[in-house]
Amino acid sequence: MSTVFIALQANEETRPIIEAIEIDNPQAVVHRQPAMVKIDAQGRLVIRRATIEEQLGRDFDLQEIHINLISLTGHVVEDDETLTLSWND
Amino acid sequence: MDMKVTKKKLGLKDKYKLMTRDLGWEPSYHSKDELYPYMNYEGIKIHDWDKWEDPFRLTMDAYWKYQAEKERKFYAIIDAHAQNNGHLNLTDARYLSALKIFLQAISPGEYAAHRGFARVGREFPGVGPQVACQMQAIDEIRHAQTQIHAMSNYNRYYNGFHAFADQRDRIWYTSVARSFFDDAMSAGPFEFMIAIGFSFEYVLTNLLFVPFMSGAAYNGDMATVTFGFSAQSDEARHMTLGLEVIKFILEQDPDNLPIVQNWIDKWFWRGFRVLGLVSTMMDYMLPKRVMSWREAWDIYGVENGGALFKDLARYGIKPPKGWDDAEKAIDHMSHQFMLGLYQWSFGTAFHAWIPSDDDMRWLSAKYPDTFDQYYRPRWEHIKKLAAAGTPFKNYGLAKLCQTCQLPTVFTEPDDPTLTCHRETVYKGEKYHFCSDGCQHIFENEPEKYIQAWLPMPQLFQDPVNGDLGEWMKWVSLLDGKDNGDYAGSEDQKNFEAWRGLATTNQ
Amino acid sequence: MTVAAIKEYLAVPRDRVENFHGKQLVYVSWDRHLLFAAPFLLCLPPETAFRELVNGPLAMLLQADPDAAAIDWTKVEWLKSNQPWTPDFDASLAANGIGHKDQLRLRTSGLNSLLAA
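These numbers come from a predicted model, not from an experiment.

(A) Examining the pairing of strand β2 (residues 415–419) of chain B more closely. Residue and element names in this part refer to chain B. Burial analysis of β2 places four of its five residues in the buried class, the great majority of the element. In this structure, strand β1 (residues 411–412) lies alongside β2, joined through two bridges in antiparallel fashion. Among the inter-strand pairings, Glu412 is bridged to a residue of β2, identified as Asp415. Hairpin connection, β1 to β2: the antiparallel pair is bridged by two residues.

(B) Looking closely at the interface of chain C and chain B. The interface is formed by 45 residues belonging to chain C together with 57 residues belonging to chain B. Counting each side, the surface lost to burial between chain C and chain B is near 4,300 Å², with a carbon and sulfur contribution of 59%. Here Lys430 of chain B ties to Asp102 of chain C by a salt bridge, and the two come within 2.8 Å at their closest N and O atoms. The tally of links from chain C across to chain B stands at 24 residue pairs in polar contact (both at pLDDT 80 or more). The set of elements that each furnish at least two residues to the side of chain C that touches chain B consists of β1 (24–30), β2 (40–44) and β5 (102–107) of chain C. Here the residues of the side of chain C that touches chain B are counted per class, giving 28 nonpolar, eight polar and nine charged.

(C) Seen up close, the pattern of salt bridges. All names here are of chain B. Applying the stated criterion across every chain, the model contains 58 salt bridges over all chains. Asp139 is the partner of Arg237 in a salt bridge, and the nearest nitrogen-oxygen pair spans 2.7 Å. Of the two residues, Arg237 is situated in helix α9 (residues 222–252) and Asp139 in helix α5 (residues 127–155); the sequence distance between them amounts to 98 residues. For the pair Arg237 and Asp139, one class covers both residues: buried. One salt bridge connects Glu412 with Arg422, and the closest N-O pair in it is separated by 2.9 Å. Taken together, the residues Glu412 in strand β1 and Arg422 in strand β3 (residues 422–426) connect sequence positions 10 residues apart. Connected through shared salt-bridge partners, Lys70, Glu71, Asp139, Arg142, Asp234 and Arg237 make up one network.

What counts, and at which threshold
- Residues numbered from 1 in each chain as written.
- Chains lettered and ligands numbered in written order.
- Predicted model: local features only at pLDDT ≥ 70, side-chain atom pairs only at ≥ 80, totals over all residues.
- Heavy atoms only, no water.
- Buried < 20%, exposed > 50% of the residue type's maximum accessible area, 1.4 Å probe, protein only.
- Helix = DSSP H or I, 4+ residues; strand = E, 2+ residues; numbered from the N terminus.
- Pairing = 2+ DSSP bridges.
- Contact = heavy atoms within 4.5 Å.
- Buried area = accessible area lost by both parts, 1.4 Å probe.
- Salt bridge = Lys/Arg side-chain N within 4 Å of Asp/Glu carboxyl O.
- Polar contact = N/O pair within 3.5 Å; in protein donor to acceptor, adjacent residues only side chain to side chain.
- Nonpolar A, V, L, I, M, F, W, Y, C, P; charged D, E, K, R; others polar.

See the structure below:
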């Protein structure tokens, strides 16, 4: 299975998002690089609004992620609750 | 007591439908062919434009909101950088060569991408792609502007930043990036999307931006980290658009496959050649290095590109034709480029230098199979020439590739000791290439590439006619300031003096 | 193949010999001597004797290579457009059949100081 990844800026806004991704994707590997965090996962990575809101302690719109997004790979599927990255192989 | 009524919010899917598809209309007094005259000549068949959907479902209202926030963040940091002498936090002023190349060659590319997306946004009949291309057109002009603005802070102190617009048009190495975008912009709208949206943004842009921004972070360049990340936050959307466009085209009609494959082959190789210059930045120009070009290629080329083409195999797409030749070049190209940039540095609006002993140790560790065997002996000899007071300058100028416009510095894919010589004759004129990939591209569309404005042959035509001094004036290159070896340059002297003032009480 | 276009697409090459005011371009490179990053571009009148090309601009450009002084010009093997070829040193470029934008390569077997063993 191929790897998907998402890379986010390393800052206060993304800390709870990264924590939420780690909770929802136990198989994901988090690489902390200067000024950025790259999260790799085999085949599939799911980002859930509800988990981010629990970490953040406020309402969160998944599209807010655009502000701190650096890069990603895989097919994107987004609705109000989740943003999923995956490869079909 | 009144019950609190929560206003019902539209879901993402409904909102996207309302604010995208529902904005479209059927023309009544003109035909669709008259409105969208460029939809058929490339041979791509589209049956249902409504099948196009932006996976992020970003609508213009949300777009403006998030972009405004990105701008506020960007300017907060740019202001802080300017107010706090941010330029003195650099690891070393050698780093600035990478920025100068970026400003002269890449930022104008952002502007070209803006023009291209504005155009194709008008030419596609579907509302989904119209909105997505409009957003990307605005993104790209924002990138050009924020980059120029961020780097203008360095122009106050250092050479080589002052004439990027002239140099974009006239100096030799920028023609590589310029011709790349001109090639895409003068193609049809579908080819443009595969060229820039898919091949450049999806397959290759990570190799440019991610290591470049990490490089800036490693080297204390807050301004570049900021414009980089601000731009990069848009790139993820562009990449997603690029992937969406290729799936959409391939799903619309089986006849589209060979046309798309041909474009992928062409634009992968074009992009690989343009971005090859990034290899010199990663392996040579960053005083504090992030990772080698080889390591970046393994992550963003082999791993991601591999995953992508494995995924697209279900449509019948094969990895680009030049993929294997690219892999063979990875351990050689940065060295071949940098040797060129050094020996022609009298003609560059940035500085080059001989790698230090420490640099060479790093290079031989990162390139154990190639550096010591092929490249170290050349650098050691160049070092000897400099020590003897006869620094190596190659005034022979260079043979350029008719397609990618780079000097033909590359070797045979299977023989790193032999320059790759490729030539062809078309309508009685001779043309030269750096590689099989570039020759194939030429031979598919010779009428396009015979028009190439190749800077080296141009130097011997009007208005310069072979006079190097006149040429420098013409390209706004200040001899002895902007060009040459970093050792002994004004940039070096000034940076050291100012840093001394900043860190001592003298 | 041709350029996909909405009407006939014909272009004019930029580097035709007429644009060089009586001169022509010649590319010269020294095989396996990659201190020189790319083949040299020379711009010369076609009446130039081949010997002048070699003794003049070419010899000057090659100086930086440690093998330059050891070149025995009587033993050099030449290629023109990647095919073996023998120049007449006393004849002009034109008489030698060296056309505009032709690529000449020289080979000097045994000389390769800058290649690690």
